[in-house]
Amino acid sequence: MARDLGELNREDFARYKDDVKKEGKSFFPRALFHDTVMSLVVVCVIVALAAIWYFDADGVKSGILGPWYTEPADPATTSFVPRPDWYFYFLFYLLRIFKWPETVFIATVGIPTIALILLIGLPFYDRRRERRPSRRPVAMVAAVLTVLSMAVLTWKGATAKEALGSELVAFVPEWAQEQGFADDPQAVKGAELFAQSGCLNCHTYLGQGAGNLGAPDLSSIGQTNEATYFVRYLTNPAAFGNTVMGSYAYLGQENLDALGAFLAASKGG
Amino acid sequence: MSDASHDNPHAPGPSLWPIGFAIGVACLLLGLVLSWIIAAIGAVLAVVFGLLWARDVTREVRGEVPEIEPETRAVADEAAAPAGPPAAAPLPTYTRSRFLEASTLGISAAIGAVVTLPVLGFMVLPSFTNLEEQEADLGPLENFPEGKYVIASYFALPGGGEVSRRTVFVRYNGLVENPANQGRQEPSFTILYSRCVHLGCPVQPNGPIDEAAKKNVNGVELRPVLAQSFGCPCHGGLYDAEGNRRAGPPVRSMDRAEYSIKHGRLILGPVYAVGNVSGTGANAMISRYPWSTPGTHVDGIEAWLYPIVPTQVTG
Amino acid sequence: MAKKSKRGTLVETAVLAPLDWVDERTAAVRGTKWFLFRNVPRDISWAQTLGSATLTAFIVQTLTGVILAMYYEPSSSINPTTGKPVAYSSIEAITNDLTLGWLVRGMHRWGASVFIILLFLHMGRVFLFGAYKYPRELTWITGVFILVTGMLLGFTGYLLPWDQTAYWATVVGINLNGTAPFLGPWLAQFLATGPEIGSETLAKWYSLHMLVLPGAIIGLIGVHIYLVTRLGVVSPPWSGERAGRERAEAAPTGARAGLVRGGTSGGGK
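Residues numbered from 1 in each chain as written. Chains lettered and ligands numbered in written order. Predicted model: local features only at pLDDT ≥ 70, side-chain atom pairs only at ≥ 80, totals over all residues.

1. Focus on the overall build of chain B
Okay, step 1: Counting secondary structure elements, chain B contains five helices and 13 strands.
Okay, step 2: Classification of the 315 residues of chain B by burial places 33% in the buried group.
Okay, step 3: Taking the intrachain contacts of chain B between residues at least 6 apart in sequence as the baseline, contacts between residues at least 24 apart amount to 52%. (Helix = DSSP H or I, 4+ residues; strand = E, 2+ residues; numbered from the N terminus. Buried ≥ 20, exposed ≤ 12 C-beta atoms within 10 Å, placed from the backbone. Contact = placed C-beta atoms within 7 Å.)

See the structure below:
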């Protein structure tokens, strides 16, 4: 009772050394055998990954484990969508969660720094002698939560999509199929414009889009009005009492007509 | 290890001068980038505090007694200490070995300084000093239609090669009166730098690019685009036609480039940071700041997190 | 004991004499014996192989990295033959043209991921076993630094192929550091050697990736392994015959091992 923690710790360790000396097994070969088997597995996995990666991809064409390389670095690109290596996905997604300018540095340096300090300091704030997981509920809950949140962040980061023209144009045939305007070239052109012009930065459409600024889903907007109405709306949303959305008159009448046709054809699949 | 094995340490007494010395060195290095006055002040501080420090350290050698006693050990330890073997009688060379200790340390420090300071300086300083300020020629004004954005990709450094390729979004705002120049009619441009001010990703214009109207003038690639907003592909930043943030994490408005008109050609100057833009086009009121890394606030209360930023040219 | 033949004795002398000669001067043989023929707890098994598996992955990285450095050229200028950056072209050549280059590059690339995964698994195992507690605090801290250095190695190596993914991930990474309060902008500008990534950046990161960080991590791994060898490996904390278990009443070693259940859990506080 009077003995302090350091004394008890030293006793524990002396007993440990004693036990290992008397009851232990030799590191070589009894423990090292397990180690070598495990190492063999590791090396085989590395070679297998390399082989699958190489034989499934071809140059910039991606296989199941990604491409050999992407296009050469282009500091002036306006179409590339950057993504980090998988083990930084959690940080990547963390940066998307903190989407308020005031909080940027919390996600960029704040949380990683705190995590690192907690990690380094672990032996100093968890000083109990108890090692059994069943008697360390706080540590175990914290560990499970950490693993879970890392897993969720990594998964969300891996599947994160951006509402950008360069990616969204690929969905146009799918939309045309679902909404049944595949044989209307004007509506298809409108769909391409819709994908490219940043509409999905705010709106959503058939599961795509960012949903910023409280903009509505447009998947079935065609049920409400007809093409000419949409053209007038797009030309001057303020006239319809919408002060959040800007005017799209700069697209030109021909493009606006196409957009109107597309919106009118969007009956909700 | 028992505590008794600790001999009476010869460590010098505590001294506050190293802090002043460190501040001086930091000032000196900072001054090499910022201004020679700060560098000179830093050098003086470093020398003065360095001398004071050296005086402090060598006090014992010179036979003076430090005014602050080293911390004493706990009573229990002192009781245990005499249990060790009896200390040998001090040898006559005692003071001389003290001198050797001090000079070995001093010489080592000198060697360390001579070797590491130039190396560290060469490692760090070129990032802040060897910056070339270059102007880029974007070609004749006729290539920029009024009220529409053109994606211009150019070489920021003439000999810099592909790695210095940059992109700006250029919009011609028409002719406006310049009161500073006797009310003469001058062309006005809005030139937005394509890097997101959240973390530097390549911003994309939200609109169809007119690939048919693509032009290539002396290595400058011009592509008209029907867009009045810009989106970032990384973390969901969204900007309006003036480069103001509309959604997502960007901490300020899009960076802009200075420009000038020479012989009917648009010449790009350095990039600067923008806190906020009110108004549009030629009438826009721009709160401008020296350029800083993406993700650093330039205005508002968060700006105090970044009090000094490196002097910048962007190329 | 069988009587040794004369030849056997000769061979033994021929082998042992030089070893003795070396050992007398360096203590290398004694050191190796200290490392190999020490006792470890009798109940350790596969869970404790993760550390050595991580080491194996690191050795794979070292070997493949050294070989890759013989063919890779860290330059962002344009190769006049291919019209692409020199670094990118050398990666293309390693992957496509040079015999077995794809395998070595693939092993280095995927070895990095395996190394990081194993680091995390190893850390998880240590956490679960409470193995970071007295007297192994420093082992844990060097381990955390190995993890950080390992992630930095992954991050610096990511730039080297000089493709789009590499370039933009690095832009974001540098600017992440740039958002650190006070010194961030300076750090970012140092990492990029200027306001933006330029021609010097690649060479600087190459130097970091293959000189600075490997030097650091090899030193850390050395300290880590020394500490593990000196302090020993912990038994699974739930094991009935774990080394260092508390006995009911100073019972002789091994007696009534299963009944004791580790004893006073409150004694630690």
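2. Points about the interface of chain A and chain B
Okay, step 1: At the junction of the two partners, chain A supplies 34 residues and chain B supplies 34 residues.
Okay, step 2: Counting residues per element, the ones that place at least two in the side of chain A that touches chain B are α3 (89-97), α4 (104-125), α6 (165-168) and α8 (185-196) of chain A.
Okay, step 3: With three residues, α4(A) is the largest single contributor of residues to the side of chain A that touches chain B.
Okay, step 4: Each residue belonging to the side of chain A that touches chain B can be placed in one class, and the counts come to 17 nonpolar, 12 polar and five charged. (Nonpolar A, V, L, I, M, F, W, Y, C, P; charged D, E, K, R; others polar.)

3. Some remarks on the nonpolar core
Across soluble globular proteins, nonpolar side chains show a tendency to be buried alongside one another.
Okay, step 1: Among the nonpolar cores identified, the biggest contains 153 residues, and Leu259(A), Phe262(A), Val168(B), Val170(B), Cys201(B) and Ala57(C) are the most heavily contacted of them.
Okay, step 2: For this core, the leading source of residues is helix α5 (residues 101-128) of chain C, giving 12 residues.
Okay, step 3: The contact partners of Phe262(A), leaving out residues within four places of it in the chain, are Ala187(A), Gly190(A), Ala191(A) and Phe194(A). (Core = buried A, V, L, I, M, F, W, Y, C linked by C-beta atoms within 7 Å.)

4. Topic: the pairing of strand β4 (residues 184-193) of chain B
Okay, step 1: Bridge analysis of strand β3 (residues 165-178) of chain B against β4(B) gives nine bridges, and the strand direction is antiparallel. Bridging from a neighbouring strand, Arg171(B) pairs with Thr190(B) of β4(B). (Pairing = 2+ DSSP bridges.)

5. Let's talk about the interface of chain C and chain A
Okay, step 1: In this complex, chain C contributes 70 residues to the contact, which on the side of chain A involves 64 residues.
Okay, step 2: Secondary structure elements with two or more residues in the side of chain C that touches chain A: β1 (39-40), α3 (50-71), β3 (84-85), α4 (86-96), α5, α6 (137-159) and α7 (164-178) of chain C.
Okay, step 3: Looking at the side of chain C that touches chain A, the element that brings in the most residues is α5(C), giving 11 residues.
Okay, step 4: For the side of chain C that touches chain A, the per-class residue count stands at 41 nonpolar, 22 polar and seven charged.

6. Here we look at the sheet that holds strand β10 (residues 245-247) of chain B
Residues and elements named next belong to chain B.
Okay, step 1: Taken in spatial order, the four strands make up an open sheet running β5-β8-β9-β10, and their pairing is antiparallel. In the strand order of this sheet, the two ends are held by β5 (204-205) and β10, each with one partner.
Okay, step 2: As paired elements, strand β8 (residues 229-231) and strand β9 (residues 238-240) share three bridges and run antiparallel to each other. Each residue of the ladder has a partner; that of Phe230, found in β9, is Tyr239.

7. Looking at the confidence of the model for chain C
Regions with low pLDDT should not have their predicted coordinates read in detail.
All names here are of chain C.
Okay, step 1: Summary statistics for chain C give a mean pLDDT of 89 and a share of 90% for residues scoring 70 or more.
Okay, step 2: Of all the helices and strands in chain C, helix α1 (residues 6-26) carries the lowest mean pLDDT, 89, while α3 carries the highest, 97.
Okay, step 3: Segment residues 251-269: pLDDT under 50, and 27 contacts once partners within four positions in sequence are set aside and those in other chains are kept.
Okay, step 4: This complex was scored by the predictor with a pTM of 0.83 and an ipTM of 0.88. (pLDDT = per-residue confidence, 0-100.)

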